[in-house]
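Examination of the molecular architecture
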Amino acid sequence: MDNVCDTANMGSIIRTSRAFDVNIILLSNDCCDAWSRRAVRVSMGYVCQATVFRCICLSSTLDKLHREFGMATYAAVIDSGPQVMKLENIERGGVPRRWCCVLGNEGNGICHDVRIACSQCLCVGMAAGVDSLSVGVAAGIILCGLKEREEKSD
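Residues numbered from 1 in each chain as written. Predicted model: local features only at pLDDT ≥ 70, side-chain atom pairs only at ≥ 80, totals over all residues. Heavy atoms only, no water.

1. Let's talk about unusual backbone geometry
Backbone geometry at Asn3 places phi at a positive 55°, although glycine is not the residue there. Along the polypeptide, Asn3 turns up in the segment before α1 (7-19). The phi angle at Asp21 is positive, at roughly 65°, despite the residue not being glycine. Checked against the element boundaries, Asp21 lands in the loop between α1 and β1 (24-28). Judged by relative accessible area, Asp21 falls into the partly exposed class, the value being 46%. (Helix = DSSP H or I, 4+ residues; strand = E, 2+ residues; numbered from the N terminus. Buried < 20%, exposed > 50% of the residue type's maximum accessible area, 1.4 Å probe, protein only.)

2. Here we look at the environment of Leu87
One can find Leu87 in the loop between β4 (84-86) and β5 (99-102). Note: C-alpha distance between Leu87 and Cys123 (36 residues apart in sequence) is 5.8 Å.

3. A look at the pattern of salt bridges
Opposite charge on two side chains permits pairing when their charged atoms draw close. Following the criterion strictly, the structure yields 6 salt bridges and no others. Arg67 is the partner of Asp63 in a salt bridge, and the nearest nitrogen-oxygen pair spans 2.7 Å. Of this pair, Asp63 and Arg67 both sit in helix α3 (residues 58-69), 4 residues apart, roughly one helical turn. Residue Arg115 is joined to Asp79 by a salt bridge in which the shortest nitrogen-to-oxygen separation is 3.0 Å. Of the two residues, Arg115 is situated in helix α4 (residues 112-117) and Asp79 in the loop between β3 (72-76) and β4; the sequence distance between them amounts to 36 residues. Asp79 gets classed as partly exposed once you look at its relative accessible area, which sits at 33%. Via salt bridges that share partners, Arg97, Lys147 and Glu150 belong to a single interconnected network. (Salt bridge = Lys/Arg side-chain N within 4 Å of Asp/Glu carboxyl O.)

Here is the structure:
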């Protein structure tokens, strides 16, 4: 997560992450506290089942995960364009088993350096006239979509 400031959103994203078997949560240094009373309560305690890391520099961490460990790194963005893949256009089996998806700040999205560090930008296709979703709702849609499109293990 990049600069997610609201503890209720933090808890909701952690709970949703655990629902889709995400075990590791990376936080930028400017995210709110995943262990605050409200975040823990909203996560329904699932924060205790996840490994939470606060990164001094999230962009460097993402770059290292991609370069040194071959992990696909996705930036969830609201804008579409030639460089942005719509989630629904990713084929089943098109997501590697090892991936990371960055969700951004409630108002500003993902910062430029973090977006550039990711190997792919993706967005959720929405009806005309709808320009964004809450970060918690977006997390559920994106994590479900990525899990559904993961390569199957042999």
